[in-house]
Amino acid sequence: MTTLINFREIAQSISIFADVLGVLIIAVGLVSASVKYLSGGRKAQNGYKRYRQDLGRGILLGLEFLVAADIIRTVAVTPTLQGVFVLGIIVLIRTFLSMALEIEVEGCWPWRARG
């Protein structure tokens, strides 16, 4: 029984770490994109577009870590049917957000070649 408890504690710690990392990545992406934009990017011809793309990349990467944390927490820490249902809804919402951001950043559907 202690092995199961230790596994759940480790999985919980990993999911918290992934949550924190995801939030930090989004925050660093926001600061980085803003500093880049304010320090000369706004004067460029497509400065605002590049700012949105840089910001979108940070959010996309952060979302990936947040989804990973939710999956670990749901599957390893609290594996209930309700938890899996909630996870499914969260993953659907975050997948939609990720696709919308990907389209914004790349300018085309994710499955189409950029051209």
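Predicted model only: the values in this text are computed from it and were never measured.

Thresholds applied
- Residues numbered from 1 in each chain as written.
- Predicted model: local features only at pLDDT ≥ 70, side-chain atom pairs only at ≥ 80, totals over all residues.
- Heavy atoms only, no water.
- Helix = DSSP H or I, 4+ residues; strand = E, 2+ residues; numbered from the N terminus.
- Contact = heavy atoms within 4.5 Å.
- Areas by Shrake-Rupley, 256 points an atom, 1.4 Å probe, with all protein chains shown as cover.
- Patch = residues over 30% accessible without salt bridge, like charges linked within 9 Å, V, L, I, M, F, W, Y side chains within 5 Å.
- Salt bridge = Lys/Arg side-chain N within 4 Å of Asp/Glu carboxyl O.
- pLDDT = per-residue confidence, 0-100.

Student: What's the story with the overall build of the protein in this structure? I'm lost.
Tutor: On a plain count of helices and strands, the protein comes out with three helices and zero strands. Ordered by position in the sequence, the α and β elements of the protein form the string α-α-α. Considering only contacts in the protein between residues 6 or more positions apart, those separated by 24 or more positions represent 69%. Carbon and sulfur atoms make up 69% of the accessible area of the protein, which amounts to about 8100 Å² in all.

Student: Looking at this structure, I do not really get a nonpolar patch on the surface. What am I missing?
Tutor: Among the surface-exposed residues, F85, V86, I89, I93, F96 and L97 lie close enough to one another that they form a single nonpolar patch of about 600 Å² accessible area. Relative to the elements of secondary structure, I93 occurs in helix α3 (residues 81-106).

Student: Would you mind showing me how to read the confidence of the model for the protein here?
Tutor: It should be kept in mind that the predicted coordinates are not to be read in detail where pLDDT is low. Confidence along the protein averages 84 in pLDDT terms, with 90% of residues attaining 70 or more. Within the protein, the lowest mean pLDDT, 81, falls on α3, and the highest, 90, falls on helix α1 (residues 2-38).

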